[in-house]
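Architecture and fold: a report
The chain contents come next:
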Amino acid sequence: MGESMQGLHRSHRCTEVSNQNIDEHVTVMGWVQKRRNLGSLIFMDLRDRSGLLQIVFDEDCVGAEGFAKAGTLRSEYVVAVTGTVKKRSAAVNDNLKTGDIEVIADSLRILSESETPPFPIEADSQTKDELRLKHRYLDLRRPDLQKNLILRSKVASLIRNFMEKEGFLEIETPMLQKSTPEGARDYLVPSRVHPGKFYALPQSPQLFKQLLMCSGYDRYIQITKCFRDEDLRADRQPEFTQIDMELAFVDEQDVMDVNERLLQYVFQEAIGVDIRLPLPRMPWQEAMDRFGSDKPDTRFGMELTDVSETVVGCGFGVFTGALENGGSVRGINVKGQCKMPRKKIDKLVEFAKGYGAKGLAWLCVNEDGSFKSSFAKFMEEQQLRALAEKMEAQPGDLLLFAADQNKIVWNVLGALRLEMGKELGLLQEDVYHFLWVTEFPLLEWSEEEQRYMAMHHPFTMPMEEDWDKIDSAPGEVRAKAYDLVLNGTELGGGSVRIHRNDIQEKMFEVLGFTKEQAWENFGFLLRAFQYGVPPHAGLAYGFDRMVMHMVHADSIRDVIAFPKVKDASDLMSEAPETVDARQLDELGIRLAEAEQ
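Residues numbered from 1 in each chain as written. Predicted model: local features only at pLDDT ≥ 70, side-chain atom pairs only at ≥ 80, totals over all residues. Heavy atoms only, no water.

1. Concerning a nonpolar patch on the surface
Residues Met175, Leu176 and Tyr199 make up a contiguous nonpolar surface patch of about 240 Å² in total accessible area. Relative to the assigned elements, Tyr199 resides in strand β8 (residues 198-200). (Patch = residues over 30% accessible without salt bridge, like charges linked within 9 Å, V, L, I, M, F, W, Y side chains within 5 Å. Areas by Shrake-Rupley, 256 points an atom, 1.4 Å probe, with all protein chains shown as cover. Salt bridge = Lys/Arg side-chain N within 4 Å of Asp/Glu carboxyl O. Helix = DSSP H or I, 4+ residues; strand = E, 2+ residues; numbered from the N terminus.)

Pasting the structure below:
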């Protein structure tokens, strides 16, 4: 049972009380963190979202009834306390914001009792994720998660303030949209009013924000939910928040400029990190060649080296076979790791296979300059020495090589580089390396679809100087696309959009759409483009990912109030769930019989 407030009003949050309030009468409310009964005195730590405040119950001040009531307090009881702020009588706690004061209670109300929680409400919980997410309402009481969500709120406010001053308008776009092909799978919503027809939840407000440019709003922003029915990772959820923007009468330089200044402002104001401008830029091809990734982590070296020319005609069939098939041989130099145990190297070989490699070749440069290698018997001493020189190897270094088609080699060594960086402690948490990756390929070949797909989306403008290759060598056409990368994570991506009908129609043709299919899927956009469309460009950030980096979390689940787990289910609310047969009947939906 709990008591009512009976006209009480909170005067301060817990850590809003300070030594500036000494001898003042205050009213504080929150949850009992812990209680310590010393006989003549009872100490209680009171917790709210701001932090902890020590309450002291002395029978002379709180009365016999209040003192007895204080003796019944348990963790997570919700209480209201009135009392007088005093300097601490016992030792000061330097770890607490309120560590030099306490409140001597003169009244106590138990507003709500609590069962014993299934895990301690404390920072840096060691409780299994599944249990914490099942009881997310309790997990969210933990101070580290509360700190994350409070910062998230502050960052959203900072973004809105900055963008408003830059002339952006916040405009909402529909959640119920038309399903369009390309990209990830849509979440579909059946229509009761239009039987057999479906809405799609937005993967992005892409088409609508381009329409807003046609409508003359010239600078749009929205912090909005987006949905993708895809497999989850640490930085991916089925529903996520996007900082979405579009600008008219601009080129890529304008978009980059305003976003660099936005990042500088937000990171300084939110977490005190000074970002130096301008941010570095790197063409996509350079990023792949140097780091094996289009979202390179530039906090450390260990860059890829192309040794294809060095191993031409060597006796190792794995290398020569890859070159004969149009591939390459590349390697990374793991400095000082020559003495890595063979068992650990074997684990790296298995790791590489997980990224598509058939194997992983290795070469150790011993301290005396001799070699130990998985392929030494296939190559002469002089060839091994030339290979080590190309890799700029010193005695004590471990060289790891992949040989295959470029795409596989990049994937393998890019992932291996990050794995070694992690193992060797090269990923400094408090360092923020931003990077623009530019000049992406406009198209990429899909083996599954047996056609070219848009690397970003079908509305990305090609670079003018490459457009004459669209028929003869479509894979060589570069796009006016740019991704913002932070410490190896794609934080955002955008592009200059196609605003010319002739280029847009050709783009659809290259992607395998007939004119009829293009109009069927994107007719409302193409129709709008017949009425005067300005040159425009945009960008969208993953808001969850941005905050995740700011708080050094391992997963975006730690910065989302109610996240899903790997199979896209919610352990707390038990969504998704079956629905009443009557609802399905109203929607005209019949479920397929489960296979026996």
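Moving on from the model shown.
2. Overview of unusual backbone geometry
For residues that are not glycine, phi is negative in most cases, and the peptide bond is trans in most cases. With an omega dihedral of 0°, the bond running from Leu277 to Pro278 counts as a cis peptide bond. Along the chain, Pro278 turns up in the loop between α6 (252-271) and β11 (281-283). Residue Pro576 is bonded to the preceding Ala575 through a cis peptide linkage, with omega at 0°. Relative to the helices and strands, Pro576 resides in the loop between α14 (543-550) and α15 (581-587). Phi is positive for Phe249, which is not a glycine, with a value near 60°.

3. Observations concerning the sheet that holds strand β12 (residues 305-306)
One open sheet holds the five strands; their spatial order is β12-β13-β16-β14-β15, and the pairing between them is antiparallel. The sheet is open, and its two borders are formed by β12 and β15 (371-373), each paired with just one other strand. Note: strand β14 (residues 361-365) against β15, three bridges, orientation antiparallel. Looking across to β15, one finds that Leu363 is bridged to Ser373. Packed onto the sheet, helix α11 (residues 406-423) meets β13 (328-334) and β16 (398-404) and runs at close to 5° relative to β13. (Pairing = 2+ DSSP bridges. Contact = heavy atoms within 4.5 Å. Axes fitted to C-alpha atoms, helices over the stretch in contact; angles between N-to-C directions.)

4. Let's talk about the sheet that holds strand β5 (residues 101-112)
Taken in spatial order, the five strands of this closed barrel run β1-β2-β3-β5-β4, and their pairing is mixed. Across the sheet, the mean angle from the axis of one strand to that of its neighbour is 55°, orientation sign disregarded. Of the strand pairs in this sheet, strand β1 (residues 25-37) and strand β2 (residues 41-48) are connected by six bridges, and their pairing is antiparallel. If you follow Arg36 over to β2, its bridge partner there is Phe43. Sheet contacts for helix α1 (residues 59-70): β1, β2, β3 (51-58) and β5; angle to β5, the most-contacted strand, approximately 35°.

5. Notes on the pairing of strand β19 (residues 451-454)
Of the pairings in the sheet, the one linking strand β18 (residues 443-446) to β19 comprises four bridges and is antiparallel in character. Among the inter-strand pairings, Glu444 is bridged to a residue of β19, identified as Met453.

6. A short note on the packing of helix α5 (residues 206-214) against helix α13 (residues 515-528)
Each pair of packed helices gets described by two things: the angle between the helix axes and the distance between those axes. Closest axis-to-axis distance for the α5/α13 pair is 10 Å, and the angle between their directions is 15°. Accordingly, the angle class assigned to the pair α5 and α13 is roughly parallel. Here the hand of the crossing between α5 and α13 comes out left-handed. Within the contact between the two elements, α5 uses Leu207, Gln210 and Leu211 and α13 uses Phe522, Phe524, Leu525 and Ala528. Residue composition of the contact of α5 with α13, grouped by class: six nonpolar, one polar and no charged. (Parallel < 35°, antiparallel > 145°, perpendicular 65-115°, else oblique. Left-handed = near helix turned anticlockwise from the far one by under 90°. Nonpolar A, V, L, I, M, F, W, Y, C, P; charged D, E, K, R; others polar.)

7. A look at the environment of Cys364
Its location among the elements puts Cys364 in strand β14. Each C-alpha atom of the pair Cys364 and Glu516 lies 60 Å from the other, and the pair is 152 residues apart in sequence. For Cys364, the contacting residues outside a window of four places in its chain are Cys338, Ser370, Phe371, Lys372, Asp397 and Leu398.

8. Some remarks on the nonpolar core
In this structure, Ile159, Phe267, Phe434 and Tyr541 are the most contacted members of the largest nonpolar core, which totals 103 residues. A total of eight residues in this core trace back to one element, the largest contributor, which is α6. Ranked by size, the runner-up nonpolar core spans 24 residues in total, among them Val17, Leu53, Val85 and Leu108. (Core = buried A, V, L, I, M, F, W, Y, C linked by side-chain atoms within 4.5 Å. Buried < 20%, exposed > 50% of the residue type's maximum accessible area, 1.4 Å probe, protein only.)

9. Side note on the side chain of Gln54
Structurally, the position occupied by Gln54 is in strand β3. A relative accessible area of 7% means that Gln54 is categorised as buried. Looking at Gln54, its side chain comes within polar contact range of the side chain of Arg36, at 3.2 Å. Each residue touching Gln54, except ones within four places of it in the same chain, is listed here: Arg36, Phe43, Met44, Asp45, Arg88, Ile101, Glu102 and Val103. (Polar contact = N/O pair within 3.5 Å; in protein donor to acceptor, adjacent residues only side chain to side chain.)

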